[in-house]
Amino acid sequence: MQKTTKKALITGITGQDGAYLAQLLLEKGYQVTGTYRRTSSVNFWRIEELGIQAHPQLRLVEYDLTDLSSSIRLMQTAEPDEVYNLAAQSFVGVSFEQPVATATITALGAVNLLEAIRIVNPKARFYQASTSEMFGKVQAIPQVEDTPFYPRSPYGVAKLYAHWMTVNYRESYGIFGSSGILFNHESPLRGREFVTRKITDSVAKIVLNKLDVLELGNLDAKRDWGYAKEYVEGMWRILQAEQPDTFILATNRTETVRDFVTMAFKGAGIDVEYTGKGEAETGHCARTGKLLVRISPKFYRPAEVELLIGDPGKALRELGWAPTTTLEQLCQMMVEADMRRNEQGFSF
Ligand code: NDP
């Protein structure tokens, strides 16, 4: 493979996508600047798990997305050809508790970067991590790039602002600003606050007698889940296109949270049977009758997104991108990783 001499800037390298994207770009020969937040103990477990933390082409820089002057300095020192804005307050549940912080980081943070590009480095290509949560109360099935948006959480609203600012900077200033509307994508590197990873980690703990019961909110929510490693390849392709644009990355398959739970237990050799409805629904081991799953209202959201399913046809036609990992394979991969971690006595 021909190696590139390009430079990339990734905000949010400590997150799931940031880690996989850094790995991909380093393989392609990029010089990568990855940003992390100042906290009392910085968490590099993902880039450590991928074995890239000490890569000679990787530079880690402390940065807070909410600070415009830092964004300008970052753009001056990193001199990137490509900027991938992955940093965000990315958890829907937390956005209801912290709407102002979510807006400051997730919405205004993107504008700080766009301004820094406009002022310092207008030739840099910009990727904005947009989300299917912007479709919220869906107006069409499946969702495509021009389906009207109807976000149902402060997170979705904040992301929609950042999305439109990306489009606006493209149209107003000629900046190469592209937006990837990504549907849920998961992996063994997913944070444990997200439902899929919470499920696979809990299944591992239940099997190893470290947890009694898995507690969840709305089991009927339907999501389009893909494999994160394939989605970061899509992000890269979006920035290699001739023109800046908006693309959906999705699998065009939707399943309920309940289906994912069933799949995850099956991955650990357990069949689950469900009884009851709504908050009274429970899941039991088909063989022993042991209670495995119950509903806790504390995990319900003030406004739910019931159904997401994306059509990635445009990405296939124009970028040659298509997902190949099935949900069953993804779920199995996550259960196995969590079994291994829990057996070894640690779980991130
Ligand atoms: P993560 O939550 O795993 O990562 C988010 C990253 O943002 C972390 O590195 C986090 O740092 C960083 N961050 C948070 N606040 C700030 C701040 N104020 N300044 C600088 N950095 C900050 O998300 P993912 O990797 O899963 O997702 C990447 C992006 O894609 C996000 O923007 C997300 O909203 C979006 N997205 C994700 C989807 C998914 O299914 N994964 C679907 C669609 C969009 P720290 O480690 O310190 O918390």
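Note: the structure precedes this text.
Quick summary incoming for the structure in this document. Computed from a predicted structure; not experimentally measured.

## Quick notes on the site of the ligand
Right, on to step 1. Taken together, 24 residues lie around the ligand, and Thr 14, Arg 37, Ser 90, Tyr 155 and Lys 159 are the ones closest in.
Right, on to step 2. Taking Gln 16, its main chain carries an N or O atom lying 3.1 Å from an oxygen atom of the ligand.
Right, on to step 3. Between the ligand and the protein, one listed contact pairs a nitrogen atom with a backbone N or O atom of Leu 65 at 3.0 Å.
Right, on to step 4. For the ligand, whose accessible area on its own is 900 Å², the fraction buried by protein is 89%.
Right, on to step 5. Where the shell around the ligand is concerned, the elements lending two or more residues are helix 1 (16-27), strand 5 (125-131) and helix 6 (154-173).
Right, on to step 6. No other element matches strand 5, which puts three residues into the shell around the ligand.
Right, on to step 7. The residue makeup of the shell around the ligand, split by class, is 10 nonpolar, nine polar and five charged.

## So, empty space enclosed by the protein
Right, on to step 1. This structure, assessed with the given rule, holds one cavity of 30 Å³ or more.
Right, on to step 2. Of the voids in this model, the largest cavity is the one considered here, and its volume is about 40 Å³.
Right, on to step 3. Forming the boundary of the largest cavity are Val 92, Glu 133, Arg 223, Arg 301, Ala 303, Glu 304 and Val 305.
Right, on to step 4. The class makeup of the residues in the lining of the largest cavity is three nonpolar, no polar and four charged.

## Points about the pairing of strand 6 (residues 177-182)
Right, on to step 1. In terms of burial, strand 6 is a largely internal element, six of the six residues being buried.
Right, on to step 2. The alternating pattern of strand 6 places Gly 177, Ser 179 and Ile 181 and Ser 178, Gly 180 and Leu 182 on opposite faces, both of which are buried.
Right, on to step 3. As paired strands, strand 5 and strand 6 are joined by six bridges and run parallel to one another. Note on strand 6: the bridge partner recorded for Phe 126 is Gly 177.
Right, on to step 4. With helix 6 bridging strand 5 and its parallel neighbour strand 6, the resulting β-α-β unit is right-handed.
Right, on to step 5. As paired elements, strand 6 and strand 11 (residues 246-249) share four bridges and run parallel to each other. Residue Ser 179 lies in a different strand from strand 11, and its bridge partner there is Thr 246.

## A few points about the pattern of salt bridges
Side chains bearing opposite charge may pair, as long as their charged atoms lie close to each other.
Right, on to step 1. Counted under the stated rule, the structure contains 19 salt bridges.
Right, on to step 2. One salt bridge in this structure joins Asp 201 and Lys 205, with 2.8 Å as the shortest N-O distance. Of this pair, Asp 201 and Lys 205 both sit in helix 7 (residues 195-207), separated by four residues, roughly a single helical turn.
Right, on to step 3. In this structure, Asp 338 and Arg 341 form a salt bridge, with 3.3 Å as the shortest nitrogen-oxygen distance. Pair noted here: Asp 338 and Arg 341 are both in helix 11 (residues 327-343), with a separation of three residues, about one helical turn. With respect to class, Asp 338 is no different from Arg 341; both count as buried.

## As for the packing of aromatic side chains
Right, on to step 1. Under the criterion given, the structure shown has 10 aromatic pairs.
Right, on to step 2. Summarising the aromatic geometry, the rings of Phe 91 and Phe 194 are spaced 5.3 Å apart at their centres and angled 80 degrees between planes, so their arrangement reads as edge-to-face. Linking Phe 91 in the loop between strand 4 (82-85) and helix 4 (92-97) with Phe 194 in the loop between strand 7 (185-186) and helix 7, this pair joins segments that are 103 residues apart in sequence. In terms of burial, Phe 91 and Phe 194 fall into one category: buried.
Right, on to step 3. Centre to centre, the rings of Tyr 231 and Trp 321 are 5.2 Å apart; their planes meet at 85 degrees, and the pair counts as edge-to-face. Remark: Trp 321 occurs in the loop between helix 10 (313-319) and helix 11 and Tyr 231 occurs in helix 8 (residues 228-240); sequence separation between them is 90 residues.
Right, on to step 4. Put simply, the rings of Phe 135, Phe 149, Trp 164 and Phe 183 touch in pairs and so form one group of aromatic residues.

What counts, and at which threshold
- Residue numbers restart at each chain and count upward from 1, following the sequence in its written direction.
- Where totals are concerned, whole chains, interfaces and linings use all residues; where local detail is concerned, this predicted model gives features only for residues with pLDDT of at least 70, and gives and counts side-chain atom pairs only at 80 or more.
- To get the side-chain values, take all heavy atoms of the structure and skip hydrogens and water.
- If a single non-hydrogen atom of a residue is within 4 Å of a molecule or strand, that residue counts as near it.
- In protein, a polar contact requires one atom able to donate a hydrogen and another able to accept it; more generally it is a pair of N or O atoms within 3.5 Å, and residues adjacent in sequence count only if both atoms are side-chain atoms.
- Computed with the Shrake-Rupley method and a 1.4 Å probe, the accessible areas treat only the protein chains shown as cover for residues.
- Counting from the N terminus, the helices are DSSP H or I runs at least four residues long and the strands are E runs at least two residues long.
- Here the nonpolar group is Ala, Val, Leu, Ile, Met, Phe, Trp, Tyr, Cys and Pro; Asp, Glu, Lys and Arg are the charged ones; every other residue, Gly included, is treated as polar.
- Grid points spaced at 1 Å and placed over the protein atoms alone form the basis of the search, with a cavity being a set where a 1.4 Å probe fits but cannot get out and a pocket an open set showing protein on both sides within 12 Å along at least five of seven lines. Lining residues have an atom within 4 Å of a point.
- Grid points are joined across faces, edges and corners, and a volume is the space filled by probe spheres set on the points.
- Each residue is placed in one exposure class: buried if its accessible area under a 1.4 Å probe, protein chains only, is under 20% of its type's maximum, exposed if it is over 50%, and partly exposed if it falls in between.
- Strands qualify as paired when DSSP identifies two bridges or more between them.
- We call a crossover right-handed when, viewed with both strands directed away from the observer, the connection leading from the first strand over the helix to the second proceeds clockwise.
- What makes a salt bridge here is a side-chain nitrogen of Lys or Arg within 4 Å of a carboxyl oxygen of Asp or Glu, nothing more.
- We call Phe, Tyr and Trp rings a pair once their centres come within 6.5 Å, taking the six-membered ring for Trp, and we label the pair stacked below 30 degrees between planes, edge-to-face above 60, and tilted otherwise.

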